[in-house]
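# Structural characterization, general
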Amino acid sequence: AKELGKNNFQVYSSSLNAQTYKIFTLESSLRHAIELNQLELYYQPKVCPNTYEIVGAEALIRWNHPEWGIVSPDEFIPLAEETGLDIEIGNWVKRTTCIQNKQWQDANLPKIAVSINLSANRFLEQSLITNVVNVLEETKLESKYLEIEITETSLLENEKIVFSVLEGLKGLGVKVALDDFGTGYSSLSSLKRFKGLIEILKIDRTFINDLTPLDTADSNFIAKMIIQLSQQLRMAVVAEGVETTDQLEVLNNYNCDSIQGYLFSKPVPASDFEKLLRKGKLM
Ligand code: C2E
Ligand code: CA
Ligand code: CA
Ligand code: CA
């Protein structure tokens, strides 16, 4: 409150409590984060468990705040969603990812799909399709190099809209991944209802954490089952949060398609990711 003028301070002390004030400050800073160039995308590789080649990446947002340092998306994305700021942020993420990926391709680096995360509200709007078409056209990125990660919440809303968005993206050739798979309430029925429209499953980190080198262990059963299930449904499967070589080995034995986690790399700034991509292979 020190830096604020007298009037603002009076408003604060008379009508807002400390928590509201904090959110208010956060919101007004976030409002300017885009124009002030404080948002940045980090990229985390998805790796083939056999060859250790980079086969894809996920774009993860960071907010570089001049005073607070790097703010994690878990802290500001919920606020962005409540205040509608996620519309602008979502557009920025989409466009920046496509521009960046095209730049890597133009620099003759291996071509990979880069996924973005979309909240339910940003996914479930008819404008998403035209929006994606426009961004792909503007950036000249082929649609197969953009993927969209959603969570199950996106699928629980108005069925008509869900189908029309999924079908629209499928028509464009933009793949949809179901994130945090296994943590929701109706994961299995979602798979059945949207068969063919959701082409990638991401096994939630909690199931990966539990993996042991012993194949017969109960804790391995779920991950193994999810991988088999996705193969049956002809979906590609990505394991999230892989941190140890034991986990990698087990997942490779189960024929998991790709691996994402600190074992290979944390999410890193674009310039660092470019170096990884230049190497092509990790480990
Ligand atoms: P998510 O989509 O499930 O992303 C995976 C999170 O797990 C990332 O956290 C990533 O850094 C972290 N992670 C990756 N590998 C490992 C590992 O081996 N061990 C551990 N412990 N963690 C690992 P991050 O970057 O903090 O993002 C958190 C969440 O914020 C994301 O979860 C996603 O839901 C959301 N998010 C991130 N970027 C965006 C965005 O651009 N838009 C929207 N709407 N949400 C975003
Ligand atoms: Ca994700
Ligand atoms: Ca996830
Ligand atoms: Ca998550």
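With an unreviewed UniProt entry as reference, the chain is termed EAL domain-containing protein, source organism Psychrobacillus soli.

## Some thoughts on the coordination of the calcium ion (ligand 2)
Each angle at a metal carrying four tetrahedral donors should ideally be 109.5 degrees, and each at a metal carrying six octahedral donors should ideally be 90 or 180 degrees. Protein ligation of the calcium ion (ligand 2) involves Glu58 (OE), Asn117 (OD1), Glu149 (OE) and Asp179 (OD), the donor distances falling in the range 2.2 to 2.3 Å. Considered as a linear motif, the donors of the calcium ion (ligand 2) on their single chain read E-x58-N-x31-E-x29-D. Separation of the calcium ion (ligand 2) from the calcium ion (ligand 3) amounts to 4.1 Å, with Asp179 serving as a shared donor to the pair. Of this pair, Asn117 sits in strand β4 (residues 113-117) while Glu149 sits in strand β5 (residues 146-150), placing them 32 residues apart in sequence.

## A few points about the pattern of salt bridges
Using the criterion set out here, one finds 15 salt bridges in the structure. The residue Lys46 makes a salt bridge to Glu147 at a minimum N-O spacing of 3.9 Å. Of this pair, Lys46 sits in strand β1 (residues 39-47) while Glu147 sits in strand β5, placing them 101 residues apart in sequence. With respect to burial, Lys46 and Glu147 carry one shared label: buried. Close ionic contact of Lys275 with Asp272 constitutes a salt bridge, the shortest N to O distance being 3.6 Å.

## Some thoughts on empty space enclosed by the protein
All told, the structure shown has one cavity of 30 Å³ or more when counted by the stated rule. Space inside the largest cavity adds up to approximately 30 Å³. In terms of lining, the largest cavity is formed by Leu30, Arg31, Ile34, Leu85, Glu88 and Ile89. Elements supplying a minimum of two residues to the lining of the largest cavity: α2 (18-33) and α4 (86-106). Residues of the lining of the largest cavity, tallied by class, amount to four nonpolar, no polar and two charged.

Calculation criteria
Along each chain, residue indices are assigned from 1 in the same order as the chain's sequence is written. Lettering for chains starts from A, numbering for ligands starts from 1, and both go in the order in which the items are written. Restriction of local features to residues with pLDDT of at least 70 applies here, the model being predicted, together with a cutoff of 80 or more for giving and counting side-chain atom pairs; totals for whole chains, interfaces and linings are based on all residues. With hydrogens and water excluded, all non-hydrogen atoms of the structure serve as input to the side-chain values. For Na, K and Ca the donor cut-off is 3.2 Å, and for all other metals it is 2.8 Å, counting N, O and S atoms only; because water is absent from this set, sites may look incomplete. By definition, any uninterrupted DSSP run of H or I lasting at least four residues is a helix, any uninterrupted run of E lasting at least two residues is a strand, and each is numbered from the N terminus. We count a salt bridge whenever a side-chain nitrogen from Lys or Arg sits within 4 Å of a carboxyl oxygen from Asp or Glu. Here's how the labels work: a residue is buried when its accessible area is under 20% of the maximum for its type, exposed when over 50%, partly exposed in between, all with a 1.4 Å probe on protein chains only. In the cavity and pocket records, a cavity denotes points on a 1 Å grid over the protein atoms alone where a 1.4 Å probe fits but cannot get out, a pocket denotes an open set with protein on both sides within 12 Å along at least 5 of 7 lines, and lining residues are residues with an atom within 4 Å of a point. Grid points are joined across faces, edges and corners, and a volume is the space filled by probe spheres set on the points. In this count, Pro and Cys sit with the nonpolar residues alongside Ala, Val, Leu, Ile, Met, Phe, Trp and Tyr, while Asp, Glu, Lys and Arg are called charged and the others, Gly among them, polar.

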